[in-house]
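# A closer look at the structure
Residue-level listing of the chains:
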Amino acid sequence: MPINSEQELEQAVQEFQRLSDAPEGSEDGRRRSVLDADIKAYYARCANTMRPGKPPSTG
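Residues numbered from 1 in each chain as written. Predicted model: local features only at pLDDT ≥ 70, side-chain atom pairs only at ≥ 80, totals over all residues. Heavy atoms only, no water.

### Digging into the overall build of the protein
Within the protein, the secondary structure is distributed over 2 helices and 0 strands. Intrachain contacts of the protein at a sequence separation of at least 6 include 45% that bridge at least 24 residues. Summed over all atoms, the accessible surface of the protein reaches about 4,800 Å², with 52% contributed by carbon and sulfur. (Helix = DSSP H or I, 4+ residues; strand = E, 2+ residues; numbered from the N terminus. Contact = heavy atoms within 4.5 Å. Areas by Shrake-Rupley, 256 points an atom, 1.4 Å probe, with all protein chains shown as cover.)

### Side note on the pattern of salt bridges
A full pass over the atoms with the stated rule returns 4 salt bridges. The closest approach of N and O atoms between E24 and R32, which form a salt bridge, is 2.6 Å. Between K40 and D36 there is a salt bridge; the shortest N-O distance is 3.1 Å. Here K40 pairs with D36, and both are found in helix α2 (residues 27-46), just 4 residues apart, close to one helical turn. (Salt bridge = Lys/Arg side-chain N within 4 Å of Asp/Glu carboxyl O.)

### Considering the packing of helix α1 (residues 6-18) against α2
Close contact between α1 and α2 brings their axes to 10 Å; oriented N to C, the two are set at 145°. Considering only the axes of α1 and α2, their crossing is left-handed. Where α1 abuts α2, its residues E6, L9, A12, V13, E15 and F16 lie against R31, R32, L35, D36, I39, Y42 and Y43. Across the contact of α1 with α2, the residue classes tally to 8 nonpolar, no polar and 5 charged. (Axes fitted to C-alpha atoms, helices over the stretch in contact; angles between N-to-C directions. Left-handed = near helix turned anticlockwise from the far one by under 90°. Nonpolar A, V, L, I, M, F, W, Y, C, P; charged D, E, K, R; others polar.)

### Topic: the nonpolar core
Membership of the largest hydrophobic core is limited to 8 residues, which are I3, L9, A12, L19, L35, I39, Y42 and C46. In terms of residue count, the dominant contributor to this core is α2 (4 residues). Beyond its immediate stretch of four places on either side in the chain, I39 contacts I3, L9, A12, V13 and F16. (Core = buried A, V, L, I, M, F, W, Y, C linked by side-chain atoms within 4.5 Å. Buried < 20%, exposed > 50% of the residue type's maximum accessible area, 1.4 Å probe, protein only.)

### Comments concerning the side chain of R32
Tracing the backbone shows R32 in helix α2. Excluding anything up to four places from it in sequence, R32 contacts F16, L19, S20, D21, A22 and E24.

Now the structure itself:
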């Protein structure tokens, strides 16, 4: 399912991170692969219009 907003992107990234330890080939591992592709597609499509990220903390 394509990601269509920054809110959906944030939700997808959170789910992707939650599934980071899922074994390859498992249902969760396949879901992680789908999320990875959807996240990359969103960045490729919307990189020029996205709001800037937070600067790294230095303190």
